[in-house]
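Now for the letters of each chain:
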Amino acid sequence: MDRLRAAATTEPGRLRAIGAVLAALVLVFGAVTAWQTTSRADAADRVLNRSQPLSNDAAAIYRSLADANTAASSGFLAGGQEPAKVRERYQRDVDRASEKLATAASNAGSDSSSATAVSRLNKLLPQYTALIERARANNRQGLPLGGAYLRYANNTMQTQMLPAAEKLYKAENERLTADYGDAKPYPWLAIAFGVAALAALGWAQHRTFRRTNRVFNTGLVAATAAASVALLWLLAGHTFARSGLNESYDRGVKSLNVLNDARISSLKARGNENLTLVSRGAETVVVGDATKDKFDVAYQRQMARLAGAKAGDKGLLGRAAELADDDAGKRPVAAAAANVTEWKDRHKSARASDDSGDYEGALDKVIGTKSDRPTRESFDNVDAALDAALAHEQREFKRAAEDGKGAMTGLPIGAAVLAVVGAAAAVLGIGRRLSEYR
Amino acid sequence: MGGARTMRTRPGETEQHAATARRAARPRRGLAALRGWGGVASMALACLLAVALVLALPQLRGDNGPGGSGGSAAADRLTQAAPARADECEAPERSLRPDTKDGPTIEKIKQRKVKKLVVGVDQNSYRWGYRDPNKGVGKLEGFDIDLAREIAERLLGDREAVVFRAIPTNQRIPAIQSGQVDMVVRTMTVNCDRIKDVAFSTAYFETGQQVLAPKTSDITGYNDTLKGKKVCSAAGSTAETALKENSFGADIRTTVPNQLDCLVRLQLGEVDAVVTDSALAAGQAAQDPTVELKGDKPFTTEYYGVAMKKDADDLVRRVNDVLDDFRKDKDGWRASYDKWLADDLGDSAGPPKPKYKD
């Protein structure tokens, strides 16, 4: 106790204490900075390399499944032997879906809603493809049983698989938002310790000046400089990172979300358009007081989502056009919108044929060859345009997110090194004053 | 980033002291009231609080998940289970006497912009109304389709003047009542319940309910062997009504939009047996050689008729006139039977005799 009291009352004792406190403050500042920036850099890295690609994969799974179902119904419409192109498209969709499901499975935690959705889809996909194969086998023999299997498969897809895929897509998007949330907050604690360290260093220097009339203590000045650099680096690096991440969200993720929704809507609309002809009015719904074809109603609903139902409602494509911030992004969206308009016109004409009893004419206008001006062509154009728009926005996202992540490169290690240097300098500076008492 | 790098060269340069000191001084002034460790601690506490606040703020979740529109709107189920008592309805297959006069219903059809008869049919009943994917794209064919074309030819002078609308079993009556179709030619049984809602032509085919099950099954017919088995029927069909009256202890919860959907369930092992009209069951057996009709003969006697709107007397009489000739005509009933049904159902004694109520 006496020694402690002596340490507190004598000048060398005070100096020792001050040195220890200064070194500790600078070291804590460095450590907190390293910790907080590491966690933010990790989150930024997860955004770029994990959660965004996974959200993209989930969208691809959803899209592939919807597209496979559409291809299957197209093949059925075409007759006993489906066209090779349609079969290839179906196969490609199924391959892509199972491949992306495997990645999603290895990345989904064991107890998350993603994991539940993935395992559900993993179970349902082989069941679905088995039903489609049975449909094909019966179809080839000219048996209507094939159509019954197709309906069963479609039902499985619509009521079980697509909802599960949607759940997965939403869960992955939530994870992405959460990672953004982890990467962006200011590292207040580190900043506070930085400010505290600088304040303490300033106070110590002022004290030395008052007692010795010496302006500079090299060690303390060096420590102040190191701490200042670290603090400025922290502020600048994080601000740059934040702006990069914000840009990647605003210019990339937002557009990607709307475009993915638009693409899924267009796929659903196409699937329903096909099913209108497959089912031939076999399923109806009551809208208001009118009985309408169930699949045509669903088609209309998806088209309204895509292009807007009434004046003032821009629809998904209108929103995508607003979000697109350069020509390369706007062009494909505009092309998609133009093709949707064309698609609607052609669809109207196909429905008119069907309603007047010209089923084969209607069929030609939906899946026919180029000279029939089929809606198939419009749909393919919409799909290709949205694909191009998605690819563009994905590049925008990647560029901005990489910039953001890059702004934090070296910050944790740099801060740690500067803190050690600063703490050492402070101790040396105080040590010089202390040596004057020996 | 760039700014931070140039800063790194400064520590050694003492002339920078003033600037550094100024930077250091600014926060210090703000903290003048807080001294020593207590100040640092309270500041750290304040920082922690701030961080906690930031973390606690509701996160902006900007995901726009694709809208779920599976199109799963369950088909409205129409069940008319109450069995009619014999005293209030006898021989429901009696219809109106044939007549060739055009009445308001026929006039309306003839005045259409597109002069075509809209007929509700099935596209899943093998040999009756179905689509053969290998023959012409989207062409429907079968016994019912032949009859529908025959009616169109006699009414409008053109076998092609028909719009076929595929209709699920339980939508046959609503489709007629709402005017969605002019008539239903779709293996539709005439019975006491249905004549309350729609009008029928005279009978054009005799059939009855029968059980269909795998050849290896121990089910022997509509009897106690059904106990504990899962049995499938089409929603709104006479089979469903029969099973509700007496299921022999079977699980009859599986009902589907179309009798053919029962064969899918049977093949997938979801049900053990199917109950449907023998004429349709034969069509199912023709598509799957591992199943067969159980029992020697159907356990009910039923007649198929063409269903029309309840008050469309002119159309009913006209269709009965067509049916009269269809029964007699060498290229009519007999030809269609031989073409579509003889293979599965064997020889036929001929069409049922028409019965009239007026």
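Just so it is clear, the structure is predicted and the values come from calculations on it, not from any experiment.

A short note on the overall build of chain A
1) Next: Looking only at helices and strands, chain A has 13 helices and two strands in total.
2) Next: Its C-alpha radius of gyration of 32 Å places chain A more than 25% over the 22 Å reference for a compact globule of 438 residues.
3) Next: Expressed as lengths along the three principal axes of its C-alpha atoms, the size of chain A is roughly 110 × 40 × 40 Å.
4) Next: Residue burial in chain A is summarised as follows: out of 438 residues, 57% are buried.
5) Next: Taking all contacts inside chain A whose residues are at least 6 apart in sequence as the whole, residues at least 24 apart take part in 80%.
6) Next: Summed over all atoms, the accessible surface of chain A reaches about 17600 Å², with 55% contributed by carbon and sulfur.
7) Next: Charged side chains of chain A number 59 positive and 48 negative; the gap between the two group centres comes to 9 Å.

With respect to the state of the cysteines
Disulfides are covalent bonds that link the sulfur atoms of two cysteine residues.
Residue and element names in this part refer to chain B.
1) Next: Applying the stated rule across the entire model yields one disulfide over all chains.
2) Next: Sulfur-sulfur distance for the disulfide between Cys 232 and Cys 262 comes to 2.0 Å. Between Cys 232 and Cys 262, the S-S dihedral sits near -80 degrees, and the bridge is therefore left-handed. Here Cys 232 is found in strand S10 (residues 231–234), whereas its partner Cys 262 is found in helix H8 (residues 259–267), with 30 residues between them in sequence. Taken individually, Cys 232 and Cys 262 each receive the classification buried, so the pair is uniform in this respect.

Remarks on the sheet that holds strand S12 (residues 273–277) of chain B
Residues and elements named next belong to chain B.
1) Next: One open sheet holds the five strands; their spatial order is S11-S10-S12-S9-S13, and the pairing between them is mixed. Each edge of the open sheet is held by one strand with a lone partner, namely strand S11 (255–256) and strand S13 (291–294).
2) Next: Two elements, strand S9 (residues 209–214) and S13, share four bridges in a ladder whose sense is antiparallel. Residue Val 211 lies in a different strand from S13, and its bridge partner there is Lys 294.
3) Next: Across the sheet, helix H7 (residues 238–245) touches S9, S10, S11 and S12, and the angle it forms with S10 is around 135 degrees.

Focus: the pattern of salt bridges
Residues and elements named next belong to chain A.
1) Next: The full count for this structure, using the stated rule, is 58 salt bridges over all chains.
2) Next: Two residues, Lys 405 and Asp 45, come together in a salt bridge whose shortest N-O distance is 3.1 Å. Placement of Lys 405 in helix H12 (residues 375–406) and of Asp 45 in helix H2 (residues 11–78) is noted, with a sequence separation of 360 residues between them.
3) Next: What makes Asp 45 partly exposed here is its relative accessible area of 28%.
4) Next: Here Asp 57 and Lys 100 are joined by a salt bridge, their closest N and O atoms 3.3 Å apart. Linking Asp 57 in helix H2 with Lys 100 in helix H3 (residues 84–107), this pair joins segments that are 43 residues apart in sequence.
5) Next: Assessed through its relative accessible area of 12%, Asp 57 is described here as buried.

Observations regarding the sheet that holds strand S15 (residues 307–308) of chain B
Residues and elements named next belong to chain B.
1) Next: Pairing is mixed in the open sheet, where five strands are placed in the order S5-S1-S6-S15-S7. Each end of this open sheet is capped by a strand with a single partner; those strands are strand S5 (162–166) and strand S7 (199–200).
2) Next: One ladder, built from two bridges, connects strand S6 (residues 183–184) with S15; its direction is antiparallel. Bridge assignment links Met 183 to a residue of S15, and that residue is Met 308.

Concerning the pairing of S9(B)
Residues and elements named next belong to chain B.
1) Next: For S9, the tally of buried residues reaches five of six residues, placing the bulk of the element in the interior.
2) Next: Summarising the sheet, S9 and S12 pair through four bridges and their orientation is antiparallel. For Leu 212, the partnering residue across the bridge sits in S12 and is Val 274.

A word on the domain arrangement of chain B
Residues and elements named next belong to chain B.
1) Next: Looking at chain B, the domain boundaries give domain 1 (104–206 + 303–345) and domain 2 (209–294).
2) Next: For domain 1 and domain 2, the distance between their C-alpha centroids amounts to 26 Å.
3) Next: Contacts between the two partners involve 18 residues from domain 1, matched on the other side by 17 residues from domain 2.
4) Next: Summing both sides of the interface, domain 1 and domain 2 together bury roughly 1300 Å²; the carbon and sulfur share of this comes to 55%.
5) Next: Three residues, Asn 124, Tyr 126 and Thr 169, lead the burial of domain 1 against domain 2; their summed loss comes to 36% of the area buried on that side.
6) Next: At the surface where domain 1 touches domain 2, the tally comes to zero salt bridges.
7) Next: Summed over the shared surface of domain 1 and domain 2, the result is seven residue pairs in polar contact (both at pLDDT 80 or more).

Quick look at the environment of A:Ser378
Residue and element names in this part refer to chain A.
1) Next: Along the chain, Ser 378 falls in helix H12.
2) Next: Since its relative accessible area comes to 1%, Ser 378 is described here as buried.
3) Next: The spacing of Ser 378 and Asn 339 is 39 residues in sequence and 5.5 Å in space, taken between C-alpha atoms.
4) Next: Excluding residues that lie within four positions of it along the chain, Ser 378 makes contacts with Asn 339, Glu 342, Trp 343 and Arg 346.

Thoughts on the packing of aromatic side chains
Residue and element names in this part refer to chain B.
1) Next: Going through the model one piece at a time under the given rule, you end up with 20 aromatic pairs over all chains.
2) Next: Summarising the aromatic geometry, the rings of Tyr 130 and Trp 340 are spaced 6.3 Å apart at their centres and angled 90 degrees between planes, so their arrangement reads as edge-to-face. Note that Tyr 130 is positioned in strand S3 (residues 129–131) and Trp 340 in helix H11 (residues 333–345), a separation of 210 residues in sequence.
3) Next: Classification of Tyr 130 as buried rests on a relative accessible area of 3%.

Regarding the packing of helix H7 (residues 218–279) of chain A against helix H13 (residues 411–435) of chain A
Residues and elements named next belong to chain A.
1) Next: Here H7 crosses H13 at 160 degrees, and the two axes come no closer than 7 Å. It follows that H7 is roughly antiparallel to H13 by the angle criterion. Where H7 crosses over H13, the two elements pack in a sense that is left-handed. Across the interface between the two elements, Gly 219, Leu 220, Ala 222, Ala 223, Ala 226, Val 229, Ala 230, Trp 233 and Leu 234 from H7 touch Leu 411, Gly 414, Ala 415, Leu 418, Gly 422, Ala 425, Ala 426, Gly 429 and Ile 430 from H13.
2) Next: A class-by-class count of the residues in the contact of H7 with H13 yields 14 nonpolar, four polar and no charged.

Analysis parameters
- Residues numbered from 1 in each chain as written.
- Chains lettered and ligands numbered in written order.
- Predicted model: local features only at pLDDT ≥ 70, side-chain atom pairs only at ≥ 80, totals over all residues.
- Heavy atoms only, no water.
- Helix = DSSP H or I, 4+ residues; strand = E, 2+ residues; numbered from the N terminus.
- Rg over C-alpha atoms; globule rule 2.2 N^0.38 Å.
- Buried < 20%, exposed > 50% of the residue type's maximum accessible area, 1.4 Å probe, protein only.
- Contact = heavy atoms within 4.5 Å.
- Areas by Shrake-Rupley, 256 points an atom, 1.4 Å probe, with all protein chains shown as cover.
- Lys, Arg positive; Asp, Glu negative; His and termini not counted.
- Charge placed at Lys NZ, Arg CZ, Asp CG, Glu CD.
- Disulfide = S-S within 2.5 Å.
- Pairing = 2+ DSSP bridges.
- Axes fitted to C-alpha atoms, helices over the stretch in contact; angles between N-to-C directions.
- Salt bridge = Lys/Arg side-chain N within 4 Å of Asp/Glu carboxyl O.
- Domains from an automatic or database assignment.
- Buried area = accessible area lost by both parts, 1.4 Å probe.
- Polar contact = N/O pair within 3.5 Å; in protein donor to acceptor, adjacent residues only side chain to side chain.
- Phe/Tyr/Trp six-rings, centres within 6.5 Å; stacked < 30°, edge-to-face > 60°.
- Parallel < 35°, antiparallel > 145°, perpendicular 65-115°, else oblique.
- Left-handed = near helix turned anticlockwise from the far one by under 90°.
- Nonpolar A, V, L, I, M, F, W, Y, C, P; charged D, E, K, R; others polar.

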